[in-house]
Amino acid sequence: MPPRARLPSPPPSQLLLLLLLSMAFAAQAGQPAEGHDYSDALRKSILFFEGQRSGKLPPDQRLRWRGDSALRDGAAEGVDLTGGYYDAGDNIKFGFPMAFTATLLSWSVIDFGRNMGDQLGEALRAVRWATDYILKATAVPETVYVQVGDAFRDHGCWERPEDMDTPRTVYKVNRAHPGSDVAGESAAALAAASIVFRFRDPAYSRRLLDRAVEVFEFADKYRGAYSSSLRPAVCPFYCDFDGYQDELLWGAAWLHKASRRREYREYILRNEQILGAGDTINEFGWDNKHAGINVLISKEVLMGKAAYLESFKNNADSFICSLLPGMSTLQVQYSPGGLLYKTGGSNMQHVTSLSFLLLAYSNYLSHSGTAVQCGGSAASPAELRRLAKRQVDYILGDNPLGMSYMVGYGAKFPRRIHHRGSSLPSVRTHPARIGCKAGSKYYLSPAPNPNLLVGAVVGGPNTTDAFPDSRPYFQQSEPTTYINAPFVGLLAYFSAHSHP
Ligand SMILES: *[C@@H]1O[C@H](CO)[C@@H](O)[C@H](O)[C@H]1NC(C)=O
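In the annotation of an unreviewed UniProt entry, the entry for the protein chain reads Endoglucanase, and the organism field reads Spirodela intermedia. Looking at the Sequence similarities (unreviewed entry) heading of the UniProt record, one finds this comment for the protein chain: "Belongs to the glycosyl hydrolase 9 (cellulase E) family." Check the Catalytic activity (unreviewed entry) section of the UniProt entry for the protein chain; it says "Endohydrolysis of (1->4)-beta-D-glucosidic linkages in cellulose, lichenin and cereal beta-D-glucans."

Next comes the structure, spelled out in structure tokens:
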């Protein structure tokens, strides 16, 4: 039997919060009278990334139930691909979502690092854990290592990363087998991180930017989707459904922001039309960068630096209008309890990434003293912030079930998350190996997970605000790094501005 869940006793600040919460719940379910402890949530949202670490763990690793894993990744190919993050509840390193995670963690620090207080150092470490790996994955010119591990074999086991014995097959893109999507996103991540480290570690920052330039050149010169050449390995997991053009533009936008070089500005102008119109323009996630490109480039327009990029701002405006209830004919859906909802599983990835864009855009608007025009009415920056805060508060517990969707935050949170390491006994308490199929009994057990993956935000409730808290419902109970990455920025902002 797995050990019973061990809950840490809450620190005094949390006890007070619990008291306030329970008082509020007595009055009106799910609507606490006082705000959330955003600083606590911020700390936890970053701590989560330690639970996803692959490779040799450093002595200051705080999530102690994890151990070293995958120490020979890349060795069969004669390259060092140790490190990086497992993307979710399995033990594969998927380069495409990992790079997107690094880009969004970097954007969180760029826009909201000043709000992070004593958590800034931890956030920088979380970025660097990803970028150190992306530097390894792009060390061979005109090659990007895009995945380590056989996803079908891995998914056939319920094994701790420390015990993993499935094939660690290495997949790469190169001139003959291009992957402009994953290479473009890797370039974006390296460029964004170069901004993060510009004054904090100039030598590292220069390395990141130089590599971003090279990787982007490769992505642009040898065009193609990685899921054409690597389909059996990467699909249906992180298949590029959406084309690679958006990653090229996204990579150019970050390179422009990081380097201010004219060639990237010209690239953006030449390729402006690829964004077109239609639904996909309102998406933002590991596969689709459209709304992110528009918001990122709009900052330049709003700062009066790039009036020639006005079309991006028009797109960003209509994207924002589609999120604001009643402000647009093309309207995103909300659950009865008020959660932004998109179909396709792991809904929280949309909630956190779109809320991040709302908040980032509201700040850009505030600085330029403008509002968004939605048809006949205007939406103020404060309205955008309120909607973003509403989504954050829903995740933290203001919802019909009165539960937090972040593990270890609040009194009630997901206990049976779809995560191998969290649900199997820790290597510290159970050093003996647990084989591929021997883990099944833990997967099927109704018992709570023994190891708290503190800070993990799961896929979340369905359209009717229901949540089964059950491992097999992976679309609802699995955490991912790209759900948390934009959440770090949101929590940083609200920890510094709890009463906007
Ligand atoms: C949401 O989940 C609940 C509980 O698991 C279920 O009864 C309901 O049918 C689901 N709703 C939708 C729209 O899937």
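Here we come to helix H6 (residues 180-196). Along its 17 residues, H6 runs 24 Å from first to last C-alpha, staying within 8% of the 24 Å computed at 1.5 Å per residue. With 17 of 17 residues buried, H6 lies mostly within the body of the structure.

Next up on the list: the state of the cysteines. All chains considered together, the criterion is met by three disulfides. Disulfide pairing is shown between Cys321 and Cys374; the S-S distance is 2.1 Å. Taking the sign of the S-S torsion, -90° for the link of Cys321 and Cys374, the bridge is left-handed. Linking Cys321 in helix H13 (residues 310-323) with Cys374 in strand S6 (residues 372-374), this pair joins segments that are 53 residues apart in sequence. Classification of Cys321 by relative accessible area gives buried; the value is 5%. Judged by its relative accessible area of 3%, Cys374 falls in the buried class.

This next bit is on the pattern of salt bridges. Any two side chains of opposite charge can pair if their charged atoms end up close together. Enumeration over the complete set of coordinates arrives at 25 salt bridges. Of the charged contacts in the structure, one is a salt bridge between Arg62 and Glu50, with a shortest N-O distance of 2.9 Å. In this pair, Arg62 sits in the loop between helix H2 (38-51) and strand S1 (93-94) while Glu50 sits in helix H2, placing the two residues 12 residues apart along the sequence. We note a salt bridge from Asp163 to Arg160, for which the minimum N-O separation is 2.9 Å. Neither residue differs from the other here; Asp163 and Arg160 are each classed as buried. The structure contains a network of salt bridges with shared partners spanning Glu50, Arg62, Glu122 and Arg125.

Attention now goes to unusual backbone geometry. The omega torsion across Cys235 and Pro236 is 5°, close enough to zero to call that bond cis. Here Pro236 is to be found in the loop between helix H9 (231-234) and helix H10 (245-259). Phi is positive for Ser346, close to 45°, though the residue is something other than glycine. Relative to the elements of secondary structure, Ser346 occurs in the loop between strand S5 (340-341) and helix H14 (348-368).

Taken together, three strands build an open sheet; the order of strands is S1-S2-S3 and the sheet is antiparallel. Among the strands making up the open sheet, the edge pair consists of S1 and strand S3 (170-174).

The environment of the ligand is made up of Asn462, Thr463, Thr464 and Ala466. Interatomic distance of 2.3 Å between a side-chain N/O atom of Asn462 and an oxygen atom of the ligand. When the ligand sits alone it has 360 Å² of accessible area, and the protein chains cover 38% of it. Each residue belonging to the shell around the ligand can be placed in one class, and the counts come to one nonpolar, three polar and no charged.

As a further point, take the pairing of strand S2 (residues 143-148). Burial within S2 is extensive, with six of its six residues counted as buried. Across two bridges, S1 lies against S2 in antiparallel orientation. In the strand pairing of S2, Phe94 is matched with Gln147. Where S2 lies against S3, five bridges are found, and the strand directions are antiparallel. Opposite Thr143, over in S3, you have Asn174 as the bridge partner.

Take the nonpolar core next. If you look at the biggest cluster of nonpolar residues, it comprises 156 residues, and the most contacted ones within it are Trp107 and Tyr361. Those residues in contact with Tyr361 that sit more than four places away from it in its chain are Val295, Ser298, Leu302, Lys313, Ala316, Asp317, Ile320, Val372 and Leu384.

Conventions and cut-offs
Residues numbered from 1 in each chain as written. Predicted model: local features only at pLDDT ≥ 70, side-chain atom pairs only at ≥ 80, totals over all residues. Heavy atoms only, no water. UniProt positions renumbered as here; feature names shortened; annotations may be inferred. Helix = DSSP H or I, 4+ residues; strand = E, 2+ residues; numbered from the N terminus. Expected span 1.5 Å × (residues − 1). Buried < 20%, exposed > 50% of the residue type's maximum accessible area, 1.4 Å probe, protein only. Disulfide = S-S within 2.5 Å. Salt bridge = Lys/Arg side-chain N within 4 Å of Asp/Glu carboxyl O. Pairing = 2+ DSSP bridges. Near = heavy atom within 4 Å. Polar contact = N/O pair within 3.5 Å; in protein donor to acceptor, adjacent residues only side chain to side chain. Areas by Shrake-Rupley, 256 points an atom, 1.4 Å probe, with all protein chains shown as cover. Nonpolar A, V, L, I, M, F, W, Y, C, P; charged D, E, K, R; others polar. Core = buried A, V, L, I, M, F, W, Y, C linked by side-chain atoms within 4.5 Å. Contact = heavy atoms within 4.5 Å.

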